[in-house]
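# Working through the structure, step by step
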Amino acid sequence: MPEVLSRRALNRATLDRQLLLTRAELPAFDAIRHLYGMQAQAPNPPYIGLWSRLAGFGHEDLARLLHERRVVRLVLMRSTIHLVAADDCLALRPLLQPMLARSLRGSAHGKGLAGLDLDELATAGRALVDEAPLTFRELGERLRERWPERPAADLVNGVRNTVALVQVPPRGIWGVGGQPAHTSAEAWLGRPLDGRASLEEMVRRYLAAYGPATVMDIQQWSGLTRLGEVVGRMRLSRFVTEEGAELVDLPEASRPGPDTPAPVRYLSEFDNMLLSFGERTRTRIMADEYRARVFTVNGIIRATVLVDGFVRGLWKVVRKRDEAVLEVELFQPVSAPERAELEREGMRMLDFAAAPAKIRDIRFS
């Protein structure tokens, strides 16, 4: 019989893979490559995500990687924007293309493209963004010169889901606003997409960053389907949850004991820790009763507080002139030592996220 992993054992194993048990002494690039995709719809969450995981991380560490084209932001898993290492961009995009094509077909934009040659659209769109990076508004206007009868949004989404479009700096640079401009990954990185990448390697990389996991977890993270066949032909360790769900993991992976101390952590909006597991195993990080308070109806995944390794509340920084207040909304009472740790870590958060503010405070509710 496979070994049973308790909820706390699963929690500690995943926190360890996610660099959340102790801040890692790693360069930002190595951490990004290990994490295998950081959700990045908004520019700032990856900075918070790396700050919460790495010792000595500074804003310029990620900004420099973006300018040097060693990491990029583009549509990948779940058809959402992720921050990944350049090599992972080139390898993952072809593997995920079936999901992106399916997502387009099932959308209102896909229906608006009925009868249009998508290969022709992709070729035209890529040629435009490779001349010079374009915002989606600019790209839509240019595409409608060729297809005036089609809505610009439909044309743009057709290109988005068929061409590997990266968002170029200054998008993704801390403190810099403006609409994202796009060019193709091939033009930006000077290399073609990697058609040699395998689903088996993708599963191994996922488990190294998120495991142990069910097949449904891997499918939830990636957006792909029918991965049971891929997992079935791999040499993996097998476990079960207390509820009987079947788990797989890398044989050599570390799995700290359930009593391993877990420090307070402030997770960013859209942190992949909350998005990379199916409903049956998401409780490794967050109780089901908190889901509606974290996952909003308009698609925002709110920034959360981890206490003893589990989601126990929400946080946000409210700026007003020279003042920055970290507002922490706890879902349940915490002990005095836990509150003191929340305050210490919260002040470090304000030092990172609101450095220019002369007045800084923390308020609990």
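Residues numbered from 1 in each chain as written. Predicted model: local features only at pLDDT ≥ 70, side-chain atom pairs only at ≥ 80, totals over all residues. Heavy atoms only, no water.

## Here's the deal with the layout of surface pockets
The space that makes up the largest pocket amounts to roughly 450 Å³. As for the largest pocket, its lining consists of 18 residues, of which Glu269, Ala303, Trp315, Lys316 and Val317 are closest to the centre. Counting only elements with at least two residues in the lining of the largest pocket, the list comes to helix 3 (45–51), strand 11 (310–320) and strand 12 (323–330). Of the residues forming the lining of the largest pocket, the biggest block, five residues, is contributed by strand 11. Of the residues contributing to the lining of the largest pocket, the split by class is nine nonpolar, three polar and six charged. Counting residues domain by domain, the lining of the largest pocket receives three or more from each of domain 1 (16–189) and domain 2 (265–270 + 285–364). Volume-wise, the second largest pocket comes out at about 240 Å³. Taken together, 19 residues make up the lining of the second largest pocket; nearest its centre are Thr214, Val215, Met216, Ala245 and Glu246. Put simply, the parts of the chain that give the lining of the second largest pocket at least two residues each are helix 12 (215–222), strand 7 (237–241) and strand 8 (246–249). Considering each element in turn, the lining of the second largest pocket owes the most residues, four residues, to helix 12. (1 Å grid on protein atoms, 1.4 Å probe; cavity = no way out; pocket = protein on both sides within 12 Å on 5 of 7 lines; lining within 4 Å. Points joined across faces, edges and corners; volume = space filled by probe spheres on them. Helix = DSSP H or I, 4+ residues; strand = E, 2+ residues; numbered from the N terminus. Nonpolar A, V, L, I, M, F, W, Y, C, P; charged D, E, K, R; others polar. Domains from an automatic or database assignment.)

## Examining the packing of aromatic side chains
Inspection of the entire model under this criterion finds 11 aromatic pairs. Measuring from ring centre to ring centre gives 5.4 Å for Tyr47 and Trp174, while their planes differ by 70°; the resulting arrangement is edge-to-face. Residue Tyr47 is found in helix 3, and its partner Trp174 is found in the loop between strand 5 (165–168) and strand 6 (181–184); the two are separated by 127 residues along the sequence. By relative accessible area, which is 24% here, Trp174 ends up partly exposed. For Arg23, the ring lying beneath its charged end belongs to Trp51, and the centroid distance is 4.6 Å. (Phe/Tyr/Trp six-rings, centres within 6.5 Å; stacked < 30°, edge-to-face > 60°. Buried < 20%, exposed > 50% of the residue type's maximum accessible area, 1.4 Å probe, protein only. Lys NZ or Arg CZ within 6 Å of the ring centre and 35° of its normal.)

## Let's talk about the side chain of Glu186
Among the secondary structure elements, Glu186 is positioned in helix 10 (residues 185–189). Exposure remark for Glu186: the relative accessible area of 15% places this residue in the buried category. One polar contact links Glu186 to Arg126, side chain to side chain, over a distance of 3.3 Å. With residues near it in sequence (within four places) discarded, Glu186 still touches Arg126, Ala164, Arg191, Pro192 and Leu193. (Polar contact = N/O pair within 3.5 Å; in protein donor to acceptor, adjacent residues only side chain to side chain. Contact = heavy atoms within 4.5 Å.)

## A closer look at the domain arrangement of the chain
Split by domain assignment, the chain resolves into domain 1 (16–189) and domain 2 (265–270 + 285–364). Taking only C-alpha atoms into account, the centre of domain 1 sits 27 Å from that of domain 2. Residue-level contacts link 16 residues of domain 1 with 13 residues of domain 2. Summed over both partners, the interface of domain 1 with domain 2 buries about 1300 Å², with 68% contributed by carbon and sulfur atoms. Broken down residue by residue, the surface that domain 1 buries against domain 2 is led by Leu20, Ile48 and Trp51, which jointly contribute 42%. Our count for the domain 1 to domain 2 interface comes out at one salt bridge. For the salt bridge of Arg23 with Glu345, the shortest nitrogen-to-oxygen distance reads 2.6 Å. Taken together, the connections running from domain 1 to domain 2 amount to four residue pairs in polar contact (both at pLDDT 80 or more). Per-element accounting of the side of domain 1 that touches domain 2 gives the leading share, five residues, to helix 3. The residue inventory of the side of domain 1 that touches domain 2, partitioned by class, reads eight nonpolar, seven polar and one charged. (Buried area = accessible area lost by both parts, 1.4 Å probe. Salt bridge = Lys/Arg side-chain N within 4 Å of Asp/Glu carboxyl O.)

## Regarding the sheet that holds strand 9 (residues 265–267)
What the five strands build is an open sheet, ordered 9-10-11-12-13; its pairing is mixed. What marks the edges here is a single partner per strand, and that holds for strand 9 and strand 13 (359–364). Each strand of the sheet is rotated relative to its neighbour by a mean of 25°, with strand direction disregarded. Where strand 9 lies against strand 10 (residues 304–307), three bridges are found, and the strand directions are antiparallel. Among the inter-strand pairings, Tyr266 is bridged to a residue of strand 10, identified as Val305. Sheet strands in contact with helix 15 (residues 336–353) are strand 9, strand 10, strand 11, strand 12 and strand 13, and its direction is about 145° off that of strand 13. (Pairing = 2+ DSSP bridges. Axes fitted to C-alpha atoms, helices over the stretch in contact; angles between N-to-C directions.)

## Focus: the pairing of strand 8
The pairing of strand 7 with strand 8 spans four bridges and is classified as antiparallel. Across the sheet, residue Ser237 finds its bridge partner in strand 8, namely Asp249.

## Observations regarding the sheet that holds strand 3 (residues 71–75)
With antiparallel pairing, the five strands of this open sheet are ordered in space as 2-4-3-5-6. Lying at the two open borders of the sheet, with one neighbouring strand each, are strand 2 (38–39) and strand 6. Bridge analysis of strand 5 against strand 6 gives four bridges, and the strand direction is antiparallel. Of the residues in strand 6, the one forming a bridge with Val166 is Thr183. Helix 4 (residues 59–67) rests against strand 3 and strand 4 (81–85) of the sheet, and its axis sits at about 75° to strand 3. The strands touched by helix 5 (residues 86–105) within the sheet are strand 3, strand 4 and strand 5, with strand 4 carrying the most contacts at an inclination of about 140°.

## Some points on helix 5
Taking 1.5 Å per residue, 20 residues should reach 28 Å; helix 5 reaches 28 Å between its end C-alpha atoms and fits that length. Taken residue by residue, helix 5 has Ala86, Asp88, Cys89, Leu90, Ala91, Leu92, Arg93, Leu95, Leu96, Met99, Leu100 and Leu104 as its buried positions. (Expected span 1.5 Å × (residues − 1).)

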